[in-house]
Amino acid sequence: MTVQRIATALAALAAASVLATLLVWAGAGRGADPVHLAAGPGPGAPLEVLAAWDAKRARAWAHGDVPGLRKLYVPGSRTGRRDARMLERYVDRGLVVTGLTTQVLELGPVRQGSDRLVLDVVDRVAAAQAVGEEIRTDLPRDRPSRRRVELRRLGERWLVVEVRDLPSRDSGEGSSGPG
């Protein structure tokens with residue numbers, strides 16, 4: 001295993017650990033019962049499903065794996081097409097994005113079933129670096145964004161159907177961060 005692969009694996013593991021901790025903290029801070037939040041139906045509670053999905057997305061971005069990224073979305077997903085196009089633009093310039101860390105500030109299940117999850121999430125990109133042959137630069141963090149995330153389970157895999165921006169509580173407007 002190369003040093004780059006080890007570093008990528010450690011970064012993904014760290015991101016998933018931070019995400020899980022933040023989700024439990026955010027749920028506890030809003031008066032929700034974190035144990036109840038993590039005890040959803042089917043294999044994988046909302047917390048675990050979202051953290052695992054975010055880790056797979058970060059891995060695809062770190063490897064410039066556009067086909068792998070597309071497989072994280074249901075076929076025909078507008079959100080998936082947009083995410084893949086964005087990654088393609090980086091890859092076309094000889095870049096990948098490492099250390100992609102999404103910080104979840106709030107998580108609320110809206111609908112929850114054995115094969116479908118709809119979550120309201122407040123998140124932001126907390127860290128990421130664009131890396132190429134002769135470049136390594138930190139990407140800017142974005143502001144917290146409110147989103148509704150719909151996931152569907154196909155077999156043992158959870159895939160994103162769509163992600164929609166929601167109006168912010170402060171401004172009444174939607175947000176458009178890269179998450």
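Because the structure is a prediction, the values reported are computed rather than measured.

(A) Quick peek at the nonpolar core. Core analysis: the biggest nonpolar cluster contains 29 residues, and Trp61, Leu69, Leu100, Val121, Leu151 and Val160 have the highest contact counts within it. Sorting the residues of this core by element identifies α3 (46-63), α4 (66-70), α5 (78-92), β1 (96-112), β2 (116-132), β4 (145-154) and β5 (157-165) as the ones contributing at least two each. Every residue in contact with Trp61, bar those within four places of it in the chain, is listed here: Leu69, Asp83, Met86, Leu87, Tyr90, Val96, Val97 and Leu100.

(B) Seen up close, the pairing of β5. As judged from the 8 bridges shared by β4 and β5, these two strands associate in the antiparallel manner. Looking at β5, one finds that Arg148 is bridged to Arg164. Where β4 hands over to β5, the hairpin turn is made up of 2 residues, of which Gly155 adopts a positive phi near 70°.

(C) Quick peek at the side chain of Arg124. In this structure, Arg124 sits in strand β2. Notably, Arg124 is buried but unbridged: the nearest opposite-charge side chain belongs to Asp142, and the N-O separation is 6.0 Å. If near-sequence neighbours (up to four positions away) are discounted, Arg124 is found in contact with Thr101, Thr102, Gln103, Arg141, Asp142, Arg143 and Pro144.

(D) Highlighting α5. Taking 1.5 Å per residue as the helical rise, α5 with its 15 residues ought to reach 21 Å, and the 21 Å between its terminal C-alpha atoms agrees with that figure. All of the buried residues in α5 are Thr79, Gly80, Asp83, Ala84, Leu87 and Tyr90. For α5, the angular spread of the buried residues around the axis is 125°, confining them to a single face. Every exposed residue of α5 that faces more than 90 degrees away from the buried side is listed here: Arg78, Arg89 and Asp92. At its buried positions, α5 is contacted by α3, α4, β1, β2 and β5. Looking at where α5 begins, the residue whose side-chain oxygen comes 3.3 Å from the main-chain nitrogen of Thr79 is Ser77. Gly94 sits one or two residues past α5 and shows a positive phi near 80°.

(E) Up close: the side chain of Asp142. Position of Asp142 relative to the elements: it lies in the loop between β3 (135-138) and β4. For the buried residue Asp142, which engages in no salt bridge, the nearest side chain bearing the opposite charge is Arg147, 4.2 Å off. At a separation of 2.4 Å, a polar atom in the side chain of Asp142 contacts the main-chain amide nitrogen of Val125.

(F) Structural context of the packing of α3 against α5. One can describe the packing of α3 onto α5 by two numbers: an axis separation of 10 Å at closest approach and a directional angle of 30°. The angle between α3 and α5 places the two elements in the roughly parallel class. Along the contact surface, α3 presents Arg57, Ala60 and Trp61, while α5 presents Asp83, Met86, Leu87 and Tyr90. The residue makeup of the contact of α3 with α5, split by class, is 5 nonpolar, no polar and 2 charged.

(G) How the structure looks around the pattern of salt bridges. On inspection of all chains with the given rule, the structure shows 6 salt bridges. Between Glu150 and Arg116 there is a salt bridge, with its nearest N and O atoms 3.2 Å apart. Residue Glu150 is located in strand β4, and its partner Arg116 is located in strand β2; the two are separated by 34 residues in the primary sequence. Residue classification places Arg116 among the partly exposed positions, given a relative accessible area of 33%. When salt bridges that share partners are traced, they join Asp123, Arg147 and Asp165 into one network.

Rules behind the numbers
Residues numbered from 1 in each chain as written. Predicted model: local features only at pLDDT ≥ 70, side-chain atom pairs only at ≥ 80, totals over all residues. Heavy atoms only, no water. Core = buried A, V, L, I, M, F, W, Y, C linked by side-chain atoms within 4.5 Å. Buried < 20%, exposed > 50% of the residue type's maximum accessible area, 1.4 Å probe, protein only. Helix = DSSP H or I, 4+ residues; strand = E, 2+ residues; numbered from the N terminus. Contact = heavy atoms within 4.5 Å. Pairing = 2+ DSSP bridges. Lys, Arg positive; Asp, Glu negative; His and termini not counted. Salt bridge = Lys/Arg side-chain N within 4 Å of Asp/Glu carboxyl O. Expected span 1.5 Å × (residues − 1). Arc of directions from axis to C-beta. Polar contact = N/O pair within 3.5 Å; in protein donor to acceptor, adjacent residues only side chain to side chain. Axes fitted to C-alpha atoms, helices over the stretch in contact; angles between N-to-C directions. Parallel < 35°, antiparallel > 145°, perpendicular 65-115°, else oblique. Nonpolar A, V, L, I, M, F, W, Y, C, P; charged D, E, K, R; others polar.

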